[in-house]
Amino acid sequence: MLTSTIDKRIKRLLGISVLLLIIGKGILHLTANLHFDIIFQSGLAFQKVNGIILLILAILPLINSSLLSKKYGLIIFYLASFIIFIKVYVGYANAGFLPEQIVECSIQVGIPITYIHVMRGDLNKRRLIFILQLLVSATFIGHAFYAIGYHIVPSNFLVLTTNSLQIDKGEAINFLYIIGWIDIICAVLIFIPKIRPYIIWYLIIWGFLTAIARTYAFVHESNETAFFINQVFETIYRLPHGLIPLLIWSITRQPTNFQLKNIFKAKPNKMSSEFS
């Protein structure tokens, strides 16, 4: 049985995920062109202001952790989620208002708000597990709909796949189609407790790999230092795609006294009764 309290280990891992997300997003707002001009006049200036605000919001709780238990904590992390959502909406508009663009960003928008409510003691383990599963499932389904080409297969998906795996475009499309359906199946099965332990490690590994691919795919392809640094921060803010499934595993795994050395310790009475 799971206890209702949320221990420091869980809070720490969730906090790391939020910090990576906000810092990664903040740096990208300052260094990259995120196409805010699609929906805002003076979009680039607005984007950079948002980047500065995100970095300030990330630093404040590090300077004074007591803010997390006060109303200021709600303001900090709700504001961070709102700024991230603005960027998500810009991407949504840039993608032609495809719903998967919004859905695939569920972890990015959801975990800052989830974190502050965990720190304030508003959530028990059962509710936290459900919220995290919902965010992971939505994120993977959004990616999956792109991967299977429900509307389109994004060009950056193809570039990441062809560069990372050294395959051609046709092979990349087939690979993404298969992975997309696996993502959908796992995104559904994560809600079934008896099956979850068998599929959670796929979500963990694939979440980390897709984040790392944002940098790895361009190791040998880009001669521009600024572009490559941006790709590093594209990886950093996506690391929660692997960390949040890891957090679900950490919360839900059953405690065990198993040790490898015990495999080789025979129990004579039990063995003799089994083979008599």
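Provided above is the structure to which this section pertains.
Quick caveat, the model's predicted, so the values are computed rather than measured.

Novice: How should the pattern of salt bridges be read in this particular structure?
Specialist: Two side chains bearing opposite charge may form a pair once their charged atoms approach each other closely. Enumeration according to the criterion identifies three salt bridges in this entry. For aspartate 7, the salt bridge identified is with arginine 9, shortest N-O distance 3.2 Å. The exposure class assigned to arginine 9 is partly exposed, which follows from its relative accessible area of 37%. A salt bridge links glutamate 234 to arginine 238, with the nearest nitrogen and oxygen atoms 2.4 Å apart. Taken as a pair, glutamate 234 and arginine 238 lie in helix H10 (residues 225–238) at a separation of four residues, close to a single helical turn. Looking at glutamate 234, the relative accessible area reads 16%, which means it is buried.

Novice: I would appreciate a short explanation of the layout of surface pockets in the present structure.
Specialist: Summary: where empty space remains is shown by rolling a probe the size of a single water molecule over the atoms. In this model, the largest pocket occupies a volume close to 960 Å³. Lining of the largest pocket is provided by 34 residues; of these, Lys87, Asn156, Arg214, Glu234 and Arg238 occupy positions nearest its centre. Broken down by element, the lining of the largest pocket gets its largest block of residues, six residues, from H10. Considering only residue class, the lining of the largest pocket consists of 16 nonpolar, twelve polar and six charged.

Novice: Please explain the environment of isoleucine 148 as it appears in this structure.
Specialist: Structurally, isoleucine 148 is set in the loop between helix H6 (125–147) and helix H7 (155–165). Spatially, the C-alpha atoms of isoleucine 148 and phenylalanine 175 are 9.3 Å apart, while their sequence positions differ by 27 residues. Not counting residues up to four positions away in its chain, the partners in contact with isoleucine 148 are Leu176, Tyr177, Gly180, Trp181 and Ile184.

Novice: I would appreciate a short explanation of the nonpolar core in the present structure.
Specialist: The nonpolar side chains of a soluble globular protein tend to be buried with one another. The biggest cluster of nonpolar side chains holds 53 residues, and the ones touching the most others in it are Phe77, Val136 and Leu203. Element by element, the count of residues in this core is highest for helix H3 (residues 71–94), at eight residues. In this structure leucine 203 touches Val136, Phe140, Cys186, Ile190, His241 and Pro245, once residues within four positions along its chain are discounted. Tyr146, Ala147, Phe157 and Ala172 belong to the second-largest nonpolar core, a separate cluster that totals seven residues.

Novice: How should the packing of helix H1 (residues 8–31) against helix H5 (residues 106–119) be read in this particular structure?
Specialist: Helix packing for two helices is described by the angle between their axes and how far apart those axes are. For the pair H1 and H5, interaxial distance at closest approach is 10 Å and the crossing angle is 135°. Judged by the angle between their axes, H1 and H5 are oblique. Between H1 and H5 the crossing geometry is left-handed. Each of Lys11, Leu14, Gly15, Ser17, Val18, Leu21 and Lys25 in H1 lies in contact with H5, whose residues at this interface are Ile107, Gln108, Ile111, Pro112, Thr114, Tyr115, Val118 and Met119. When grouped by side-chain class, the residues that make up the contact of H1 with H5 number nine nonpolar, four polar and two charged.

Novice: Would you take a moment to explain helix H11 (residues 240–252) for this structure?
Specialist: Helical geometry: 3.6 residues make up each α-helical turn, so side chains three or four residues apart lie on a common side. Its 13 residues give H11 an end-to-end C-alpha distance of 18 Å, which sits within 8% of 18 Å, the value for a rise of 1.5 Å per residue. Within H11, eleven of the 13 residues are buried, which leaves the element mostly enclosed by the surrounding structure. Residues Pro240, His241, Gly242, Leu243, Ile244, Pro245, Leu247, Ile248, Ser250, Ile251 and Thr252 constitute the buried set of H11. Buried positions along H11 lie against H1, H5, H6, helix H9 (196–216) and H10.

Novice: Sorry, what's going on with the packing of helix H2 (residues 43–63) against H3 here?
Specialist: Contact pair H2 / H3: the axes reach a minimum separation of 10 Å and the direction vectors enclose 150°. Overall, the two elements H2 and H3 adopt an arrangement that is roughly antiparallel. Crossing geometry of H2 relative to H3 is assigned as left-handed. Residues Phe46, Asn50, Ile53, Leu54, Leu57, Leu60 and Pro61 of H2 pack against Ile76, Phe77, Leu79, Ala80, Ile83, Ile84 and Ile86 of H3. In terms of residue class, the contact of H2 with H3 is made up of 13 nonpolar, one polar and no charged.

Novice: Whenever I open this one, the packing of aromatic side chains confuses me. Can you help?
Specialist: The way to describe two aromatic rings as a pair is by their centre distance and the angle between their planes. All told, the structure shown has twelve aromatic pairs when counted by the stated rule. Measuring from ring centre to ring centre gives 5.8 Å for tyrosine 146 and phenylalanine 157, while their planes differ by 70°; the resulting arrangement is edge-to-face. Note that tyrosine 146 is positioned in helix H6 and phenylalanine 157 in helix H7, a separation of eleven residues in sequence. Overall, the relative accessible area of 2% leaves tyrosine 146 in the buried class. A network of ring pairs unites the aromatic residues Tyr89, Tyr92 and Phe97 as a single cluster. Above the plane of the ring of tyrosine 237 lies lysine 25, whose end atom (NZ or CZ) is 4.2 Å from the centre.

Novice: I tried to follow the environment of alanine 147 on my own but got confused; where do I start?
Specialist: By the secondary structure assignment, alanine 147 is in helix H6. Considered as a pair, alanine 147 and isoleucine 179 are 32 residues apart in the sequence and their alpha carbons are 7.3 Å apart. In this structure, alanine 147 is in contact with Val153, Phe157, Leu176, Tyr177 and Gly180, ignoring residues within four places of it in sequence.

About the criteria used
- Residues numbered from 1 in each chain as written.
- Predicted model: local features only at pLDDT ≥ 70, side-chain atom pairs only at ≥ 80, totals over all residues.
- Heavy atoms only, no water.
- Salt bridge = Lys/Arg side-chain N within 4 Å of Asp/Glu carboxyl O.
- Buried < 20%, exposed > 50% of the residue type's maximum accessible area, 1.4 Å probe, protein only.
- Helix = DSSP H or I, 4+ residues; strand = E, 2+ residues; numbered from the N terminus.
- 1 Å grid on protein atoms, 1.4 Å probe; cavity = no way out; pocket = protein on both sides within 12 Å on 5 of 7 lines; lining within 4 Å.
- Points joined across faces, edges and corners; volume = space filled by probe spheres on them.
- Nonpolar A, V, L, I, M, F, W, Y, C, P; charged D, E, K, R; others polar.
- Contact = heavy atoms within 4.5 Å.
- Core = buried A, V, L, I, M, F, W, Y, C linked by side-chain atoms within 4.5 Å.
- Axes fitted to C-alpha atoms, helices over the stretch in contact; angles between N-to-C directions.
- Parallel < 35°, antiparallel > 145°, perpendicular 65-115°, else oblique.
- Left-handed = near helix turned anticlockwise from the far one by under 90°.
- Expected span 1.5 Å × (residues − 1).
- Phe/Tyr/Trp six-rings, centres within 6.5 Å; stacked < 30°, edge-to-face > 60°.
- Lys NZ or Arg CZ within 6 Å of the ring centre and 35° of its normal.

So yeah, pure geometry; function would need other evidence.
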